Amino acid sequence: MNNIIPHLDNPFEPVVQEPAMADLQLFEKSLVAARDIISKPFTSAGLKNIQRQHLKNRMTIWERIRVLTEQPAKVLFQNWGPDLDGASLVTAIINVDGRDVALYGHDFTVRAGSMDATNGKKLARLFELAGKRKIPLIGLNDSSGAYVPAGVGGLDGYAEAFTALRKISGVVPSIMCMFGFNAGGGSYLPRQGSFLIQPNNTFIGLTGAGVVKSVLGEEIEPDDLGGPKVHSQTGVTDIVVEDEVTALLKARELLRYLPGNNAEFARYQTTSDPIDRKTLDINLLFAKAFNSPTGYNTPFDVSVIIQQISDHGDYFEIQPDRARNTITCFGRLGGHVVGFVANNSAVGSGQIDIDAAYKNARFIRFCNLYNIPVIFMEDTTGFLPGREQESRGIVQAGRAMLDAIIDLRTPRFLVLIRNAIGGAYASYNNYPTGADLVIALPTTRVAVMGPPGVEFVYKDELRAIRGATSMKISAATTEYLDAGLESDEASTRAASDVQYWLAAEEALLARRYEEELMNPREGLSLGSISQIVMPVDLRQVLAEHMAFHLSHYEPSPFEAVQREFH
């Protein structure tokens, strides 16, 4: 009984007897043979292999395609079956939300989706087609790697695919979905794409846990080696989702923010959200934060501001689990797709560390290639100092971010939210680095140094105050002795009083430093800032300026000099 395979045949359906091949004429035989080839992808896997996929909580390639599109796929190569090279890979053109998309997907029911030489040729031709016809690409990756019996042919196949995909990088955007276990070339190839989506309970890695154990003697679980909790922190994975269906729906959602190629805008979407909508929640956020006991040092989540600015509050975050001290996301403003790069003081005071710098740089470069304007939101006290950051190369990471900002050619704005201090301000899309618009909220604090700068600006006043403490302690001690206190108690109380006085005097100087230097007024007088904007008017000001700049911007491929570093 255990060997019985369930089937979906209807026992009451009339049986149609197919004529035997021997009874057919030559032409009819060719039709029957062709029909078998055409129908093979839906039948060749066999129910047992399909069930094996389902028991792993994985869909077949054809089921995945049906989630992406309601329309039939235009399959490009019909080399199906276990005895044919290339059978473990499907390449097609599909229609997603009214736009053509190039698609490839591994068929894990055939040779575990492995790669042979023909697969590489099929992939290369698909990538070339996408680049030639200027349409985006989606990859559905579910492969065990190179097909071992194919020998070096499988490696050549990967090499051909690597080369073709690299050549369309920056020409058309690509979204890669990861399913199952992907090792070796199966991890390299999809990471060449623009964005990578990884569901839970999947693996991406150069080698599996078994190889690590045999080579290094290290015991490690696959999820700890190449699962999403690892790759979401390194930047290998851009988006982590629960399961395959969510990954496919997420790919469709992301695609709506992307242009088809590097010579056009992302699609404009008419919105019923008026551009002059007052962003009242930003006012409420600031009032609650800055009127608290910690005042202007109170952290808050900058995503609230992004949500308030975006049409209907919708935005799509990239790498949401990595470097939370910065947020990179796509949103719409007055119907236009824009990118947001924002310091997030809710995590690490919004300081820019290595991961944040690389996260920002990669996102900015993508927007630069694909004609997406960028709105920067600054609220940081600077780059994160320390031995660990220096030893890992924060200078190089910071340079990567600065280079990406300088090279940015699309319309780009800077919103100064609160802290814009020192080198972070100098490298964060201000007018000297090429910004088209710099505006400041009333809460802005722009300075060479933050609060510690009071030690430099008012060093003479501080020296005088601190130099007077000994005299004041002596005078206060005498007063307490004259009042009848014992010597030790008089000295203790005198020292306490003077320390209280000193703290109050230093606080007055700190407040004076903020009022005189840590505010947007000097920036306004020097032309570093164009205007101060009330929080409730932020969406309107940004939307109006963005509409103007985009109306005078011609989308085109990036043609500037290729710099040495990227």
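Structure's up top.
The sections below set out a description of the structure shown in this document. (Residues numbered from 1 in each chain as written. Predicted model: local features only at pLDDT ≥ 70, side-chain atom pairs only at ≥ 80, totals over all residues. Heavy atoms only, no water.)

A few points about the overall build of the chain
The helix and strand inventory of the chain stands at 22 helices and 17 strands. In terms of overall dimensions, the chain is more spread out than a globule: its C-alpha atoms have a radius of gyration of 31 Å, far above the 24 Å expected for 566 residues. C-alpha atoms of the chain, sized along the principal axes, occupy 125 × 60 × 50 Å. Counting every position in the chain, which comprises 566 residues, the buried fraction comes to 48%. If you take every contact in the chain between residues at least 6 apart in sequence, the share linking residues at least 24 apart comes to 74%. (Helix = DSSP H or I, 4+ residues; strand = E, 2+ residues; numbered from the N terminus. Rg over C-alpha atoms; globule rule 2.2 N^0.38 Å. Buried < 20%, exposed > 50% of the residue type's maximum accessible area, 1.4 Å probe, protein only. Contact = heavy atoms within 4.5 Å.)

Re the environment of S470
Structurally, S470 is set in helix 19 (residues 469-482). Accessibility expressed as a relative area gives 53% for S470, which makes it exposed. The spacing of S470 and A495 is 25 residues in sequence and 9.0 Å in space, taken between C-alpha atoms.

Digging into the nonpolar core
With 63 residues, the main nonpolar core has L140, L254, F330 and F376 as its most contacted residues. Tallying contributions element by element places helix 13 (residues 354-369) first for this core, with eight residues. Core analysis: the second largest hydrophobic core is formed by 31 residues, F413, L437, L441 and M546 among them. (Core = buried A, V, L, I, M, F, W, Y, C linked by side-chain atoms within 4.5 Å.)

Concerning the sheet that holds strand 5 (residues 174-178)
Pairing is mixed across the open sheet formed by seven strands, whose spatial order is 1-2-3-4-5-7-9. Where the open sheet ends on each side, the last strands, each with one partner, are strand 1 (74-75) and strand 9 (239-241). When strand 3 (residues 99-106) meets strand 4 (residues 137-141), the two strands line up parallel, connected through four bridges. Paired with A102 across the two strands is L137, which belongs to strand 4. Docked against the sheet, helix 4 (residues 117-133) engages strand 2 (89-96), strand 3 and strand 4, running at close to 25 degrees with respect to strand 2. In this fold helix 10 (residues 244-255) packs onto strand 2, strand 3, strand 4, strand 5, strand 7 (195-199) and strand 9, with an angle of close to 155 degrees to the strand it touches most, strand 7. (Pairing = 2+ DSSP bridges. Axes fitted to C-alpha atoms, helices over the stretch in contact; angles between N-to-C directions.)

Topic: the pairing of strand 7
Strand 7 sits mainly inside the fold: five of its five residues count as buried. Of the two faces of strand 7, the one carrying F195, I197 and P199 and the one carrying L196 and Q198 are both buried. Where strand 5 meets strand 7, three bridges bridge the pair, whose relative direction is parallel. By the bridge assignment for strand 7, M176 is matched with L196. Across three bridges, the pairing between strand 7 and strand 9 is parallel.

What about unusual backbone geometry?
The phi angle at K134 is positive, at roughly 60 degrees, despite the residue not being glycine. With respect to the secondary-structure elements, K134 resides in the loop between helix 4 and strand 4. By relative accessible area, which is 34% here, K134 ends up partly exposed. With a phi angle near 55 degrees, H312 is a residue other than glycine that sits in the positive phi range. Position of H312 relative to the elements: it lies in the loop between helix 12 (303-309) and strand 10 (315-318).

Some thoughts on the packing of helix 3 (residues 61-68) against helix 10
Running from amino to carboxyl end, helix 3 crosses helix 10 at an angle of 40 degrees, the nearest separation of the two axes being 9 Å. The orientation of helix 3 relative to helix 10 falls into the category oblique. By crossing handedness, the relation of helix 3 to helix 10 is classed as right-handed. Each of R64, V67 and L68 in helix 3 lies in contact with helix 10, whose residues at this interface are E244, V245, L248, L249 and R252. Across the contact of helix 3 with helix 10, the residue classes break down as five nonpolar, no polar and three charged. (Parallel < 35°, antiparallel > 145°, perpendicular 65-115°, else oblique. Left-handed = near helix turned anticlockwise from the far one by under 90°. Nonpolar A, V, L, I, M, F, W, Y, C, P; charged D, E, K, R; others polar.)

Here's the deal with the environment of G98
In this structure, G98 sits in the loop between strand 2 and strand 3. When the C-alpha positions of G98 and S214 are compared, they lie 50 Å apart, and in sequence the two are 116 residues distant.

Topic: helix 10
Across its 12 residues, helix 10 extends 17 Å between first and last C-alpha, which sits within 8% of the 16 Å expected from 1.5 Å per residue. E244, A247, L248, A251, R252, L254 and L255 are the residues of helix 10 that are buried. Along helix 10, the residues classed as buried sweep out an arc of 165 degrees about the axis, all on the same side. Structurally, the start of helix 10 carries an N-cap: the backbone nitrogen of V245 is 3.5 Å from a side-chain oxygen of D243. (Expected span 1.5 Å × (residues − 1). Arc of directions from axis to C-beta. Polar contact = N/O pair within 3.5 Å; in protein donor to acceptor, adjacent residues only side chain to side chain.)

Focus on the packing of aromatic side chains
One pass over the full model with this rule turns up 17 aromatic pairs. When the centroid spacing of 6.1 Å and the interplanar angle of 85 degrees are considered together, the rings of F195 and F330 count as edge-to-face. With F195 in strand 7 and F330 in strand 11 (residues 326-333), this residue pair connects regions lying 135 residues apart in the sequence. Here F195 matches F330 in class, with each residue buried. With a centroid separation of 5.5 Å and an interplanar angle of 80 degrees, the aromatic rings of F376 and Y428 are classed as edge-to-face. Residue F376 is located in strand 13 (residues 374-380), and its partner Y428 is located in the loop between helix 16 (422-426) and strand 15 (437-440); the two are separated by 52 residues in the primary sequence. Above the plane of the ring of Y257 lies R332, whose end atom (NZ or CZ) is 4.9 Å from the centre. Seen from the ring of W501, K472 lies directly overhead, with NZ or CZ sitting 4.6 Å from the centre. (Phe/Tyr/Trp six-rings, centres within 6.5 Å; stacked < 30°, edge-to-face > 60°. Lys NZ or Arg CZ within 6 Å of the ring centre and 35° of its normal.)

Quick notes on the environment of D223
Turning to its location among the elements, D223 is positioned in helix 8 (residues 222-226). Since its relative accessible area comes to 34%, D223 is described here as partly exposed. Here the alpha-carbon distance between D223 and L414, two residues 191 residues apart in the chain, equals 40 Å. In contact with D223, not counting residues within four places along its chain, are P228, K229 and V230.

Overview of the side chain of Q198
On the secondary structure map, Q198 appears in strand 7. Side chain to side chain, Q198 and T202 meet in a polar contact 3.2 Å long. When near neighbours in sequence (up to four residues on either side) are disregarded, Q198 contacts M178, F203, I204, G226, G227, P228, H231, T237, I239, V240 and V241.

Observations regarding a nonpolar patch on the surface
Residues V211, V215 and L216 make up a contiguous nonpolar surface patch of roughly 300 Å² in combined accessible area. Inspection of the secondary structure assignment puts V211 in helix 7 (residues 209-216). (Patch = residues over 30% accessible without salt bridge, like charges linked within 9 Å, V, L, I, M, F, W, Y side chains within 5 Å. Areas by Shrake-Rupley, 256 points an atom, 1.4 Å probe, with all protein chains shown as cover. Salt bridge = Lys/Arg side-chain N within 4 Å of Asp/Glu carboxyl O.)

Here's the deal with the pattern of salt bridges
Scanning the entire structure with this criterion turns up 23 salt bridges. Across the pair R64 and E244 runs a salt bridge whose closest N-O atoms are separated by 3.0 Å. Of this pair, R64 sits in helix 3 while E244 sits in helix 10, and the two are 180 residues apart along the sequence. With respect to burial, R64 and E244 carry one shared label: buried. Across the pair E70 and R252 runs a salt bridge whose closest N-O atoms are separated by 3.3 Å. Taken together, the positions of E70 in the loop between helix 3 and strand 1 and R252 in helix 10 put the pair 182 residues apart, joining distant regions of the chain. E70 gets classed as exposed once you look at its relative accessible area, which sits at 65%.

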